[in-house]
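# Report on the structure
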Amino acid sequence: MKAKGIAVVLAAGQGKRMGGTIQKQYMDLCGKPVLYYTLKAFEESEVIDQVILVLGKEEKDQVRESIVDFYGFQKVTQITEGGKERYDSVWNALQIVDKMEDKEESYVFIHDGARPLVDDSILKRTYEEVRRSGACVAGMPVKDTIKIVNENLETEETPDRKKMWMIQTPQVFKAPLIIEAYRRMMAVPHSHVTDDAMAVEMVMKHPVKMVEGSYKNIKITTPEDLKIAKVFLK
């Protein structure tokens, strides 16, 4: 029997590094907004049953009309407001999941709305792994040598590249695990927590498995990223 898959798509970010006046998740990518491709991947995946879309307060009505309704994304069942930081937005969505009757047997896929090139193979691999381990994240081995530097930009350490992975999304968890991790985390200082896996690792002491993502599964953060995404789409 298939367990329920709930996607939390985060699209409330301001995208300051992109420049311009249009937020990165709404920028044109081969004729459609970036967010369209993200939602399309979840809409077409058999492992996803519903999508909670997290948006900025002023964008909810416009995005519902111009993207969700216009393109017929029926799995988007709820649109909620984002918070000041990423973890605030995630927590807002998780509180919706927490009220669901079937949450105990559900899995939550937390995904950046500005990663439009996620595909069904990534969703299936993470789904299969989360059913085994309860917590996993998509990622890829780094290609470059990584240096640890001090405040003076002097190199202090060179980690073994074989142990270094670039973390992507989705980050996928058994619903009760990630809800409890965030519940505990939000009650204490947590500005140092940069992703969902970190919350599960630190707060719940639960191991998180790595799952192969894709080097194409990039996050649109700079104008150069948008150009690269266009090449991948074509």
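About the criteria used
- Residues numbered from 1 in each chain as written.
- Predicted model: local features only at pLDDT ≥ 70, side-chain atom pairs only at ≥ 80, totals over all residues.
- Heavy atoms only, no water.
- Buried < 20%, exposed > 50% of the residue type's maximum accessible area, 1.4 Å probe, protein only.
- Helix = DSSP H or I, 4+ residues; strand = E, 2+ residues; numbered from the N terminus.
- Pairing = 2+ DSSP bridges.
- UniProt positions renumbered as here; feature names shortened; annotations may be inferred.
- Contact = heavy atoms within 4.5 Å.
- Arc of directions from axis to C-beta.
- Axes fitted to C-alpha atoms, helices over the stretch in contact; angles between N-to-C directions.
- Core = buried A, V, L, I, M, F, W, Y, C linked by side-chain atoms within 4.5 Å.

### Notes on the pairing of strand 1 (residues 4-11)
Most of strand 1 is tucked away: eight of the eight residues are buried. Going residue by residue along strand 1, you find Lys 4, Ile 6, Val 8 and Leu 10 tucked away on one face and Gly 5, Ala 7, Val 9 and Ala 11 tucked away on the opposite face as well. The sheet contact formed by strand 1 and strand 6 (residues 106-112) spans seven bridges and is parallel. Across the sheet, residue Val 8 finds its bridge partner in strand 6, namely Ile 110.

### Looking at the UniProt feature "site: Positions MEP for the nucleophilic attack" (unreviewed entry) in the protein chain
Using the residue numbers shown here, the UniProt feature "site: Positions MEP for the nucleophilic attack" (unreviewed entry) corresponds to Arg 161 and Lys 219. Note on placement: Arg 161 falls in the loop between strand 9 (155-157) and strand 10 (165-174). Among all residues touching Arg 161, those that are not within four sequence positions of it are Val 142, Lys 143, Asp 144 and Thr 145. Residue classification places Lys 219 among the partly exposed residues on the basis of a relative accessible area of 29%.

### Remarks on helix 7 (residues 223-233)
At 3.6 residues per turn, the α-helix brings residues three or four places apart onto the same side. Of the positions making up helix 7, those classed as buried are Asp 225, Leu 226 and Ala 229. Summarising the axial view, the buried residues of helix 7 lie within an arc of 100°, below the 170-degree limit, and thus occupy one face. Facing away from the buried side of helix 7 by more than 90 degrees, the exposed set consists of Lys 227 and Val 231. Against the buried residues of helix 7 lie strand 2 (28-29) and helix 1 (34-44).

### Quick word on the sheet that holds strand 6
Taken in spatial order, the seven strands make up an open sheet running 5-4-1-6-10-7-11, and their pairing is mixed. Each edge of the open sheet is held by one strand with a lone partner, namely strand 5 (76-81) and strand 11 (209-212). Direction aside, the axes of adjacent strands within the sheet are offset by 25° on average. Bridge count between strand 7 (residues 135-141) and strand 11: four bridges; the pairing is parallel.

### Some thoughts on the side chain of Asn 217
The topology assignment puts Asn 217 in the loop between strand 11 and helix 7. Given the relative accessible area of 1%, Asn 217 is considered buried. Setting aside residues no more than four positions away along its own chain, Asn 217 makes contact with His 111, Arg 115, Leu 117, Val 118, Ile 122, Gln 168 and Thr 169.

### Concerning the UniProt feature "site: Transition state stabilizer" (unreviewed entry) in the protein chain
Within this numbering scheme, the UniProt entry marks Arg 17 and Lys 24 as carrying the feature "site: Transition state stabilizer" (unreviewed entry). Looking at the secondary structure, you find Lys 24 in the loop between strand 1 and strand 2.

### Some thoughts on the nonpolar core
Counting 42 residues, the largest nonpolar core has Leu 35, Leu 39, Phe 42, Leu 53 and Phe 109 as its most contacted members. With seven residues, helix 1 is the single largest residue contributor to this core. In contact with Leu 39, not counting residues within four places along its chain, are Val 9, Val 51, Leu 53, Ile 67, Val 68, Phe 73 and Val 76. The next biggest cluster of nonpolar side chains, apart from the first, holds 31 residues, and it includes Val 8, Val 97, Leu 177 and Ile 179.

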